[in-house]
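Examining the three-dimensional arrangement
Letter by letter, the chains look like this.
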Amino acid sequence: MAPLERRKDEPMSSGDPSAVTSLREAPLRVRPTRAGERSRLEDRARVLKALGNATRLRIVEDLADGERCVCRIVAATSVSFSSVSKHLAILEEAGIVEGDKRGLQVFYRLRAPCVLRFMTCIEAVVAGRSRATSSSIR
């Protein structure tokens, strides 16, 4: 979906900028997406998609405490070794984690620890949504 924006030459509703209370009131037009912007958005989507799995989120949370060998990640997630390896490959390809082979073991650590702040933001969204849902049920 292309980003929306108000044309600069169009007046706001009733001519008073403070009178607009929602985006529905402001005249909008579709702004075409540039090739570079599309690539940047697709890169972001790839990272978000890599985080879009409960097992991968559990792995990221586990790595928040520091680097771990694959065997410890398997134990923490209660998922098979081959499944954990596939999940780690997806996270590594997205640039979220990085591995370091030492002898027969591979140790993983967060390459982008900023995803932990993003996960905190998600927790706030989930908490706000559940508060809103519970208050609308009453």
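Residues numbered from 1 in each chain as written. Predicted model: local features only at pLDDT ≥ 70, side-chain atom pairs only at ≥ 80, totals over all residues. Heavy atoms only, no water.

Let us now look at the pairing of strand β5 (residues 105–110). In terms of strand pairing, strand β3 (residues 68–69) meets β5 through 2 bridges, oriented antiparallel. Along β5, the bridge assignment pairs Cys 69 with Phe 107. The sheet contact formed by strand β4 (residues 97–102) and β5 spans 6 bridges and is antiparallel. Its bridge partner lying in β5, Gly 99 is registered against Tyr 108. Counting the residues that bridge the hairpin from β4 to β5 gives 2 residues, and of these Gly 103 lies at a positive phi of roughly 65°. (Pairing = 2+ DSSP bridges. Helix = DSSP H or I, 4+ residues; strand = E, 2+ residues; numbered from the N terminus.)

Right, let's talk about the packing of aromatic side chains for a bit. In this description, an aromatic ring pair is defined by two values, namely the gap between the centres and the angle between the planes. Summed over all chains, the structure comprises 0 aromatic pairs. The ring of Phe 107 has Arg 102 lying over it, and the distance from NZ or CZ to the ring centre is 4.4 Å. (Phe/Tyr/Trp six-rings, centres within 6.5 Å; stacked < 30°, edge-to-face > 60°. Lys NZ or Arg CZ within 6 Å of the ring centre and 35° of its normal.)

Take helix α3 (residues 70–77) next. Looking at α3, one finds that the buried residues are Val 70, Ile 73, Val 74 and Thr 77. Buried residues in α3, looked at end-on, bunch into an arc of 100°, giving them a common side. Contacts made by the buried residues of α3 are with α2 (54–63), β3, α4 (81–93) and β5. Ser 78 lies just past α3 and shows a positive phi near 55°. (Buried < 20%, exposed > 50% of the residue type's maximum accessible area, 1.4 Å probe, protein only. Arc of directions from axis to C-beta. Contact = heavy atoms within 4.5 Å.)

Attention shifts here to the confidence of the model for the protein. Looking at the protein, pLDDT values average 81 and 72% of them are 70 or higher. Between residues 1–26, whose pLDDT stays under 50, and residues either more than four places distant or in other chains, the model counts 34 contacts. (pLDDT = per-residue confidence, 0-100.)

Relative to each other, α3 and α4 sit at 110°, their axes nearing to 10 Å. One way to sum up the angle between α3 and α4 is to call them roughly perpendicular. Between α3 and α4, the contacting residues are Val 70, Ile 73, Val 74 and Thr 77 on the first element and Phe 81, Val 84 and Leu 88 on the second. In terms of residue class, the contact of α3 with α4 is made up of 6 nonpolar, 1 polar and no charged. (Axes fitted to C-alpha atoms, helices over the stretch in contact; angles between N-to-C directions. Parallel < 35°, antiparallel > 145°, perpendicular 65-115°, else oblique. Nonpolar A, V, L, I, M, F, W, Y, C, P; charged D, E, K, R; others polar.)

Before going further, it helps to examine the nonpolar core. One finds Val 60, Leu 91 and Ile 96 to be the most contacted residues of the largest nonpolar core, which totals 19 residues. Where this core is concerned, the elements lending two or more residues are α2, α3, α4, β5 and α5 (115–137). The contacts of Val 60, once residues within four sequence positions are left out, are Leu 51, Leu 91, Ile 96, Leu 110, Val 115, Leu 116 and Met 119. (Core = buried A, V, L, I, M, F, W, Y, C linked by side-chain atoms within 4.5 Å.)

Moving on, we come to a nonpolar patch on the surface. Residues Leu 48, Phe 118, Ile 122 and Val 126 make up a contiguous nonpolar surface patch of about 310 Å² in total accessible area. Here the element with the most residues in the nonpolar patch is α5; it accounts for 3 residues. Mapped onto the elements, Ile 122 comes out in helix α5. (Patch = residues over 30% accessible without salt bridge, like charges linked within 9 Å, V, L, I, M, F, W, Y side chains within 5 Å. Areas by Shrake-Rupley, 256 points an atom, 1.4 Å probe, with all protein chains shown as cover. Salt bridge = Lys/Arg side-chain N within 4 Å of Asp/Glu carboxyl O.)

Here the focus is the sheet that holds β5. The antiparallel open sheet is built from 3 strands, whose spatial order is β3-β5-β4. This sheet does not close on itself; its edge strands, each paired only once, are β3 and β4. Each of β4 and β5 touches α4; the most contacted strand, β4, lies at about 120° to it.

Glancing now at the side chain of Thr 77. As for its position among the elements, Thr 77 is in helix α3. For Thr 77, the side chain forms a polar contact with the main-chain oxygen of Ile 73, separated by 2.9 Å. Those residues within four positions of Thr 77 in sequence are excluded, and the remaining contacts are Arg 58, Ile 59 and Val 84. (Polar contact = N/O pair within 3.5 Å; in protein donor to acceptor, adjacent residues only side chain to side chain.)

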